[in-house]
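Each chain, written out:
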Amino acid sequence: MAGLVAKKCITPLAVIRRLSSSEYTAQVAYHKKVVDHYENPRNVGSLDKTSRNVGTGLVGAPACGDVMKLQIEVDDQGKIVDARFKTFGCGSAIASSSLVTEWVKGKSIEEALTIKNTDIAKELSLPPVKLHCSMLAEDAIRAALNDYRIKQQDVEIEVVKASN
């Protein structure tokens, strides 16, 4: 009986074979775009959060522990001229942040608001289990733009007060 049990336990091991690196990448690892943004992140860093032309968005996902800070700099014509990020999280979160900084540059505030998590997820070929990373990136864009708008309203109020 013990021999039969041992044979049943060992048999599946004989079927297992070592995957080639391309098979492994296809079945287990991140998509090549995620790996590229993770290994070569674009626009990592910070902008001056006290500047009136800089909006800062800080968002997090309590379920997985990812935290993303996205900053945008907007010129006087309303175009996003720079974007920076700092992210504590998995490869998909870092890749989503990096991609978003590339996408928002050169866009107006209204155009940046059209970037959706589904677009980010599609571009990076994120699996369903990593969709929250693209949602975090979309939330970071909205939070940064909201912070920028609040700063602009504060400047307008100061101008009105100064003119009275």
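Residues numbered from 1 in each chain as written. Predicted model: local features only at pLDDT ≥ 70, side-chain atom pairs only at ≥ 80, totals over all residues. Heavy atoms only, no water.

A. Just the packing of helix α4 (residues 91-104) against helix α6 (residues 117-124), in detail. The N-to-C vectors of α4 and α6 enclose an angle of 110°; their axes lie 11 Å apart at closest approach. One finds that α4 runs roughly perpendicular with respect to α6. Every pair of crossing elements has a handedness; the one defined by α4 and α6 is right-handed. Contact residues: α4 offers Ala 95, Ser 96, Leu 99, Val 100 and Trp 103, while α6 offers Asp 119, Ile 120, Glu 123 and Leu 124. Its residues assigned to classes, the contact of α4 with α6 shows six nonpolar, one polar and two charged. (Axes fitted to C-alpha atoms, helices over the stretch in contact; angles between N-to-C directions. Helix = DSSP H or I, 4+ residues; strand = E, 2+ residues; numbered from the N terminus. Parallel < 35°, antiparallel > 145°, perpendicular 65-115°, else oblique. Left-handed = near helix turned anticlockwise from the far one by under 90°. Contact = heavy atoms within 4.5 Å. Nonpolar A, V, L, I, M, F, W, Y, C, P; charged D, E, K, R; others polar.)

B. Focus on the environment of Ala 144. Secondary-structure assignment places Ala 144 in helix α7 (residues 131-163). With 85 residues separating them along the chain, Ala 144 and Val 59 place their C-alpha atoms 9.7 Å apart.

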